[in-house]
Amino acid sequence: MKPQIRSFAELKGKTLGLSLPVDTISISIHKLLALKGLGEGDYSVKELVGTPVRFECLKRGECDAVPLGQPEDFVAIGGGYRRLGVSTDAVAAFQFQVIAARRT
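Note that the structure is a prediction, hence the values are computed from the model and not measured.

Reading the values: rules and limits
- Residues numbered from 1 in each chain as written.
- Predicted model: local features only at pLDDT ≥ 70, side-chain atom pairs only at ≥ 80, totals over all residues.
- Heavy atoms only, no water.
- 1 Å grid on protein atoms, 1.4 Å probe; cavity = no way out; pocket = protein on both sides within 12 Å on 5 of 7 lines; lining within 4 Å.
- Points joined across faces, edges and corners; volume = space filled by probe spheres on them.
- Helix = DSSP H or I, 4+ residues; strand = E, 2+ residues; numbered from the N terminus.
- Nonpolar A, V, L, I, M, F, W, Y, C, P; charged D, E, K, R; others polar.
- Buried < 20%, exposed > 50% of the residue type's maximum accessible area, 1.4 Å probe, protein only.
- Arc of directions from axis to C-beta.
- Contact = heavy atoms within 4.5 Å.
- Pairing = 2+ DSSP bridges.
- Right-handed = clockwise from strand over helix to strand, strands pointing away.

Estimates place the volume of the largest pocket at around 790 Å³. No other element matches helix α1 (residues 24-35), which puts six residues into the lining of the largest pocket. Looking at side-chain class alone, the lining of the largest pocket contains 23 nonpolar, nine polar and four charged residues.

In structure tokens:
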């Protein structure tokens, strides 16, 4: 998130860059925000698929907070952005799969 945001409460009224509503990232972040006292009406959402796209939104200042995968999360922290939490605080066991195959 932006460096000036220091708590989940400060996300009220802000714009979050999340993925599609059915994506595991969005589901787990909504649960994390609810655990921290924020309802879905407390913030607005921009649908942005992919960590690089969400990170760009944060850097351009169009998003106040976004979930990032690695290594962009470490790059963001190194650049002065703040990490408020991790999605596994809300959803400890969420299945996520990546299947890759060679064309041949």
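Alright, that's what it looks like, and here's the rest.
Regarding helix α2 (residues 51-60), the residues found buried are Thr51, Arg54, Phe55, Cys57 and Leu58. Relative to the axis of α2, the buried residues are bounded by an arc of 155° and lie together on one face. Along its buried surface, α2 packs onto β1 (15-18), α1, β2 (44-47) and α3 (72-78). Looking one or two residues past α2, Gly61 carries a phi angle of roughly 85°, positive in sign.

Strand residues, when the strand is regular, have side chains that alternate between the two faces of the sheet. Taking every second residue as pointing to the same face, both faces of β1 are buried, with Thr15 and Gly17 on one and Leu16 and Leu18 on the other. Sheet analysis places β1 next to β2, joined by four bridges and oriented parallel. Considered in β2, the bridge of Leu16 is made with Val45. This β-α-β element, β1 to α1 to β2, shows right-handed connectivity.

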